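Topology and contacts: notes
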Amino acid sequence: QKEVEQNSGPLSVPEGAIASLNCTYSDRGSQSFFWYRQYSGKSPELIMSIYSNGDKEDGRFTAQLNKASQYVSLLIRDSQPSDSATYLCAVKGSGGSNYKLTFGKGTLLTVNP
Amino acid sequence: GAGVSQSPSNKVTEKGKDVELRCDPISGHTALYWYRQSLGQGLEFLIYFQGNSAPDKSGLPSDRFSAERTGGSVSTLTIQRTQQEDSAVYLCASSLEGSGRTYEQYFGPGTRLTVT
């Protein structure tokens, strides 16, 4: 059973701070990693994808991947109240399951004005 | 362009009735997925379509659940003899292709199913 683990939170940060969200995964063969944002009562929205070790930046978001440690993270700089949501880490399967996403249970982020 | 659409957005049904949930993927996307999200639970994979074929139905919880896809586009998820434990949000996603590391999945708005 492939697993994706996230701290459930809630993670509370003040407006303007950096929010750091972490995720570990069990499938050592996984090559594709995604972060989704889910507002309460809404469906998941893709915000970042990362495939290679290192950092990938997109605006205020930076995804970090370390395949050796089986660890992926999302940093949100200059956090805004509108960033308050649940963040889901998703890992694509390997081999014959390289179409299937396994999701963590999500980290609830609250950004306080 | 248009995203993934799902209908209905909400469905309330009585225990024992059958329900059909519809998903219309992003135009040109050959892969389609159904997931379920229950209160307090993570996203649970149900089934994967590549074109009209379903190479992976392993996530369907019981034989009361079935799905089909026609014309490589619209998909219908059918739940027969609904039970209260079927209450959840059913999410559909699509991607350009299925297999391959860079194909990103985009979700529709979901159907909230309540079985009374």
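Quick note: structure is the one above.
Residues numbered from 1 in each chain as written. Chains lettered and ligands numbered in written order. Predicted model: local features only at pLDDT ≥ 70, side-chain atom pairs only at ≥ 80, totals over all residues. Heavy atoms only, no water.

Right, let's talk about the overall build of chain A for a bit. Within chain A, the secondary structure is distributed over 0 helices and 11 strands. Walking chain A from its N terminus toward its C terminus, one meets helices and strands in the order β-β-β-β-β-β-β-β-β-β-β. Expected size for 113 residues packed as a compact globule is a radius of gyration near 13 Å; at 14 Å, chain A falls within 12% of this value. Expressed along its principal axes, the backbone C-alpha trace of chain A runs to roughly 45 × 30 × 20 Å. Counting every position in chain A, which comprises 113 residues, the buried fraction comes to 45%. Within chain A, counting contacts between residues at least 6 apart in sequence, those at least 24 apart form 54% of the total. Carbon and sulfur atoms make up 46% of the accessible area of chain A, which totals about 5200 Å². Chain A carries 11 positive and 10 negative side-chain charges, and their two centres are separated by 8 Å. (Helix = DSSP H or I, 4+ residues; strand = E, 2+ residues; numbered from the N terminus. Rg over C-alpha atoms; globule rule 2.2 N^0.38 Å. Buried < 20%, exposed > 50% of the residue type's maximum accessible area, 1.4 Å probe, protein only. Contact = heavy atoms within 4.5 Å. Areas by Shrake-Rupley, 256 points an atom, 1.4 Å probe, with all protein chains shown as cover. Lys, Arg positive; Asp, Glu negative; His and termini not counted. Charge placed at Lys NZ, Arg CZ, Asp CG, Glu CD.)

Generally speaking, a soluble globular protein has its nonpolar side chains buried in company with each other. Membership of the largest hydrophobic core comes to 23 residues, with the highest contact counts inside it found for Trp 35, Val 72, Leu 74, Ile 76 and Tyr 87 of chain A. At the level of elements, β3 (19-25), β4 (33-38), β5 (45-50), β7 (61-66), β8 (71-76), β9 (85-92) and β11 (107-112) of chain A are the ones that each hand at least two residues to this core. (Core = buried A, V, L, I, M, F, W, Y, C linked by side-chain atoms within 4.5 Å.)

Let's shift gears to the sheet that holds β3 of chain A. Hydrogen bonds between backbone atoms are what pair the strands of a sheet, whose relative direction is either parallel or antiparallel. Residue and element names in this part refer to chain A. The antiparallel open sheet is built from 5 strands, whose spatial order is β1-β3-β8-β7-β6. The open sheet has two edge strands with one neighbour each: β1 (4-6) and β6 (54-58). In this sheet, adjacent strand axes meet at a mean angle of 20° when their direction is disregarded. (Pairing = 2+ DSSP bridges. Axes fitted to C-alpha atoms, helices over the stretch in contact; angles between N-to-C directions.)

Residue and element names in this part refer to chain A. In this structure the tally under the stated criterion is 8 salt bridges over all chains. Glu 45 is paired through a salt bridge with Arg 37; the nearest N and O atoms lie 3.0 Å apart. Given a relative accessible area of 36%, Glu 45 falls into the partly exposed group. Note that Glu 57 and Arg 77 form a salt bridge whose closest N and O atoms lie 3.4 Å from each other. Highlighted residues: Glu 57 in strand β6 and Arg 77 in the loop between β8 and β9, separated in sequence by 20 residues. Given the relative accessible area of 59%, Glu 57 is considered exposed. (Salt bridge = Lys/Arg side-chain N within 4 Å of Asp/Glu carboxyl O.)

It is worth spelling out the interface of chain B and chain A at this point. Across the boundary between the two partners, chain B contributes 23 residues, which contact 19 residues of chain A. A buried area of about 1800 Å², summed over both sides, lies between chain B and chain A, and 51% of it is on carbon and sulfur atoms. In terms of surface lost to chain A, no three residues of chain B exceed Leu 43, Arg 101 and Phe 107 of chain B, which account for 31% of the buried area on that side. On inspection of chain B and its partner chain A, the count reaches 1 salt bridge. Across the pair Asp 56 of chain B and Lys 100 of chain A runs a salt bridge, and its minimum N-O distance is 3.5 Å. Mapped onto the side of chain B that touches chain A, the elements with two or more residues apiece are β4 (31-37), β5 (43-50) and β10 (106-107) of chain B. Looking at the side of chain B that touches chain A, its residues break down into 10 nonpolar, 10 polar and 3 charged. (Buried area = accessible area lost by both parts, 1.4 Å probe. Nonpolar A, V, L, I, M, F, W, Y, C, P; charged D, E, K, R; others polar.)

Here we take up the layout of surface pockets. By volume, the largest pocket amounts to about 720 Å³. Gln 38 and Gly 41 of chain A together with Gln 37, Val 89 and Arg 112 of chain B are the residues nearest the centre of the largest pocket, which is lined by 35 residues in total. Taken together, the elements giving at least two residues each to the lining of the largest pocket come down to β9 and β11 of chain A together with β9 (88-95) and β11 (111-115) of chain B. No other element matches the 4 residues that β11 of chain B contributes to the lining of the largest pocket. (1 Å grid on protein atoms, 1.4 Å probe; cavity = no way out; pocket = protein on both sides within 12 Å on 5 of 7 lines; lining within 4 Å. Points joined across faces, edges and corners; volume = space filled by probe spheres on them.)

Turning next to the packing of aromatic side chains. Residue and element names in this part refer to chain A. Across all of its chains, the model carries 11 aromatic pairs over all chains by this definition. Consider the rings of Tyr 36 and Phe 103, whose centres lie 5.6 Å apart with planes at 50°: the pair is tilted. Taken together, the residues span a long stretch of sequence, with Tyr 36 in strand β4 and Phe 103 in strand β10 (residues 101-103) at a distance of 67 residues. When the ring centre of Phe 61 is taken as reference, the NZ or CZ atom of Arg 60 above it lies at 5.6 Å. (Phe/Tyr/Trp six-rings, centres within 6.5 Å; stacked < 30°, edge-to-face > 60°. Lys NZ or Arg CZ within 6 Å of the ring centre and 35° of its normal.)

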